[in-house]
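Given next are the chains, with one letter for each unit.
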Amino acid sequence: MKILLTGASGLLGHAYAQAAVRRGHSVTALYNQHPPLASGLERSIQLDASQPEALTALCLEHWPDVIVNCAAISNPASVDAVPRLAEQVNVALPRLLAQVSTHLGARLLHVSTDMVFDGLAEEPYRSTDMPGPTNLYGQTKLMAEREVLEHNPEDPVVLRIPILMGNSPRGQRSVHEKLIAAIQAGERPKLYCDEMRQPCSASNVAEVLLELSERRDLHGLFHWAGSETLSRFEMGQRILKHFGLPLDAVESACREDESRPANLTLNLHPIVSKLKTKPVDFEAQLEELTRVEPLNA
Ligand SMILES: NC(=O)C1=CN([C@@H]2O[C@H](COP(=O)(O)OP(=O)(O)OC[C@H]3O[C@@H](n4cnc5c(N)ncnc54)[C@H](OP(=O)(O)O)[C@@H]3O)[C@@H](O)[C@H]2O)C=CC1
Ligand SMILES: Cc1cn([C@H]2C[C@H](O)[C@@H](COP(=O)(O)OP(=O)(O)O[C@H]3O[C@@H](C)C(=O)[C@@H](O)[C@H]3O)O2)c(=O)[nH]c1=O
């Protein structure tokens, strides 16, 4: 298949590009500031999502079978810092991709987040549960879901995912990379013992996205996550243990404000029983981590 991938230089986009190339698909990778590092790409094209005209022209010229959207201003602090750009990348871009993919008859897969929920539920969140984002990042991602489902009514996939583990292309993005860098910079990070997450590896989510790219019969709004829920403090302790670092290099803390949802555990039905790809536990996610120099060092 001809796949057009946005956000190919990011943590998830890089993992998806590698998986899709391995499966023999033709991947055209879009990026903004950082050229993608995956090998075997058909083409890499610099394209700022805040300039929609160029993207439309590219889609019409390239006419992909599948469009996978991994581009975003991808965390709450960044969205708060650049709200206008976040609206363009997190909301206007998915809307445009939904409109163009409908016109092309292409399959659209859009990545969303567990942070569309308020974190107050007693039970794991189902994909039919009422969202209630507690920060601007979650609000932009929820708006994007609605844009995709409205403008691509045919057979879109919106996949909500949790915080991702994994080795990022430039070695600065993911949980263990940020944690170890802070410790190496002499900090003693405070990790929240009252913030529960269901982390998953970028490689496992990439496999799910790839399977869904190929399974046009499966479409709609789905949840995917790891098989374990743990606190951010527990995640930190397990990462330190994995790398043989002293456990007292971090300290336990409680969340200071309600903009950080407490418990975002997701219910993975119905998709978990329909896919060959299975959720991975935290140990398997740790095993993937290597403290390598950034790929483009
Ligand atoms: N990582 C996580 O823990 C989680 C991520 N998600 C979601 O998963 C998806 C991927 O996230 P993740 O891989 O972490 O993101 P990253 O922050 O690692 O990468 C973001 C990507 O978006 C691209 N991008 C940013 N701004 C623009 C722009 N103006 N024009 C074009 N491209 C742009 C970046 O390109 P460049 O760097 O080249 O500028 C990069 O490729 C996002 O939708 C995110 O919301 C959801 C839950 C958790
Ligand atoms: C988890 C955590 C964060 N922080 C601080 C560090 C940082 O300044 C800020 C944000 O934390 P993080 O960088 O982990 O980002 P976070 O706000 O947890 O967002 C995460 O969730 C999903 C939605 C994503 O999209 C990911 O990109 C990931 O950034 O909070 C603590 O002080 N203690 C903690 O335990």
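Note on numbering: residues in each chain are counted from 1, in written sequence order. All chains are assigned letters beginning at A, and all ligands numbers beginning at 1, according to the order in which they are written. Only residues with pLDDT of at least 70 get local features here, since the model is predicted, and only at 80 or more are side-chain atom pairs given and counted; chain-wide, interface and lining totals rely on the full set of residues. Excluding hydrogens and water, the side-chain values take into account all heavy atoms of the structure.

Mean pLDDT over the protein works out to 95, with 98% of the residues at or above the 70 mark. In this model, residues 292-297 is a region of pLDDT below 50 whose contacts with residues beyond four sequence positions or in other chains number nine contacts. Quick note on the complex model: pTM equals 0.96, ipTM equals 0.94. pLDDT expresses how confident the predictor is about each individual residue, on a scale running from 0 to 100. In what follows, a contact means two residues having at least one pair of non-hydrogen atoms within 4.5 Å.

Whether parallel or antiparallel, the strands of a sheet pair through hydrogen bonds between backbone atoms. In space, the seven strands of this open sheet follow the order S3-S2-S1-S4-S5-S6-S11, with parallel pairing throughout. Since the sheet does not close on itself, it has two edges, and those belong to strand S3 (43-46) and strand S11 (220-223), each with one partner. Between one strand and the next, the sheet's axes are offset by a mean angle of 20°, whatever the strand orientation. The pairing of strand S1 (residues 2-6) with strand S4 (residues 66-69) spans four bridges and is classified as parallel. If you follow Leu5 over to S4, its bridge partner there is Val68. Every axis in this analysis is a line fitted to C-alpha atoms, fitted for helices over the stretch in contact. Angles between the N-to-C directions lie between 0 and 180 degrees. Helical segments are the DSSP runs of H or I of at least four residues, strand segments are the runs of E of at least two, and each set is numbered from the N terminus. Most of the contacts of helix H5 (residues 136-151) go to strand S5 (residues 107-113), to which it runs at about 160°, and overall it touches S5, strand S6 (157-161) and S11. A strand pair is defined by DSSP finding two or more bridges across the two strands.

The next point concerns the site of ligand 2. Surrounding ligand 2, one finds 15 residues, the nearest of these being Ser74, Arg173, Lys190, Tyr192 and Arg232. Here a polar contact is recorded for every N or O atom pair within 3.5 Å, except that within protein the pair must consist of a potential hydrogen donor and a potential acceptor, and residues adjacent in sequence are included only if both atoms are side-chain atoms. At a separation of 2.5 Å, an oxygen atom of ligand 2 approaches a polar side-chain atom of Arg173. In the environment of ligand 2, an oxygen atom lies 2.5 Å from a nitrogen or oxygen atom belonging to the side chain of Arg232. Computed by Shrake-Rupley with a 1.4 Å probe, the accessible areas treat only the displayed protein chains as cover when residues are assessed. Protein chains shield 73% of the accessible area of ligand 2, which is 650 Å² for the free molecule. The greatest single-element share of the shell around ligand 2, amounting to three residues, is contributed by strand S8 (residues 190-192). Looking at the shell around ligand 2 residue by residue, the classes come out as six nonpolar, three polar and six charged. It suffices for a single heavy atom of a residue to lie within 4 Å of a molecule or strand for the residue to be listed as near it. Residues are grouped as follows: Ala, Val, Leu, Ile, Met, Phe, Trp, Tyr, Cys and Pro are nonpolar; Asp, Glu, Lys and Arg are charged; all remaining types, including Gly, are polar.

We define the nonpolar core as a collection of buried residues of types Ala, Val, Leu, Ile, Met, Phe, Trp, Tyr and Cys that are connected through side-chain atoms lying within 4.5 Å of one another. Type-normalised accessible area, obtained with a 1.4 Å probe on protein chains alone, sets the label of each residue: buried when under 20%, exposed when over 50%, and partly exposed for intermediate values. Among the nonpolar cores identified, the biggest contains 51 residues, and Leu159, Leu209 and Leu212 are the most heavily contacted of them. Among all residues touching Leu159, those that are not within four sequence positions of it are His110, Val111, Ser112, Val205, Val208, Leu209, Leu212, Phe222, His223 and Trp224. With 19 residues, the next largest nonpolar core counts Leu55, Ala98, Leu108 and Val158 among its residues.

Near ligand 1, the surroundings consist of 29 residues, among which Ser9, Ala49, Ser74, Tyr137 and Lys141 are the closest. One of the side-chain N or O atoms of Ser9 is found 2.7 Å from an oxygen atom in ligand 1. One nitrogen or oxygen atom from the main chain of Asn32 is found 3.0 Å from an oxygen atom belonging to ligand 1. Elements supplying a minimum of two residues to the shell around ligand 1: helix H1 (11-22), S5 and H5. At three residues, the largest contribution of residues to the shell around ligand 1 is made by S5. The residue inventory of the shell around ligand 1, partitioned by class, reads 17 nonpolar, nine polar and three charged.

This brings us to the environment of Gln172. Here Gln172 is to be found in the loop between strand S7 (164-165) and helix H6 (175-184). Apart from residues lying up to four places away in sequence, Gln172 is in contact with Glu177 and Lys178.

Before going further, it helps to examine the packing of aromatic side chains. The pairing test for Phe, Tyr and Trp rings, Trp by its six-membered ring, is centres within 6.5 Å, and the orientation test on the planes gives stacked under 30 degrees, edge-to-face over 60, and tilted for anything in between. All chains considered together, the criterion is met by one aromatic pair. Ring centres of Phe117 and Tyr125 lie 4.1 Å apart, and the angle between their planes is 15°; on these two criteria the pair is classed as stacked. Tyr125 sits in the buried class, given a relative accessible area of 4%.

UniProt positions are given in the numbering used here, feature names are shortened, and annotations may be inferred rather than shown by experiment. Per the UniProt record, "domain: RmlD-like substrate binding" (unreviewed entry) is annotated on residues 1-289. With 37% helix and 17% strand, residues 1-289 has end C-alpha atoms that lie 30 Å from one another.

Turning our eyes to something else, we now look at the packing of helix H2 (residues 52-62) against helix H4 (residues 83-104). Any two packed helices are characterised by how steeply their axes cross, that is the angle between the axes, and by the distance between the axes. Interaxial distance between H2 and H4 falls to 11 Å at its minimum, and their mutual angle equals 25°. The angle between H2 and H4 places the two elements in the roughly parallel class. The two elements H2 and H4 meet at a crossing, and its hand is right-handed. Taken together, the residues of H4 that come into contact with H2 (itself represented by Pro52, Leu55, Thr56, Cys59 and Leu60) are Leu93, Leu96, Leu97, Val100, His103 and Leu104. Of the residues belonging to the contact of H2 with H4, the class tally is nine nonpolar, two polar and no charged. Roughly parallel refers to an angle under 35 degrees, roughly antiparallel to one over 145, roughly perpendicular to one between 65 and 115, and oblique to any angle outside these ranges. Two helices that cross are described as forming a left-handed crossing if the nearer one is turned anticlockwise from the farther one by less than a right angle, and a right-handed crossing if clockwise.

For the rest of this paragraph, the subject is unusual backbone geometry. Following His269, the chain continues to Pro270 via a peptide bond in cis, the omega torsion being 5°. Mapping Pro270 onto the fold places it in the loop between strand S13 (251-253) and helix H9 (282-288). If you check the backbone angles, Trp63 has positive phi at about 50° while not being a glycine. Looking at the secondary structure, you find Trp63 in the loop between H2 and S4.

Of all five residues in S1, four are buried, a share of seventy percent or more. The sheet contact formed by S1 and strand S2 (residues 26-31) spans four bridges and is parallel. Its bridge partner being in S2, Lys2 is matched across the sheet by Ser26. Think of it like this: strands point away, you trace from the first strand over the helix to the second, and a clockwise trace means the crossover is right-handed. This β-α-β element, S1 to H1 to S2, shows right-handed connectivity.

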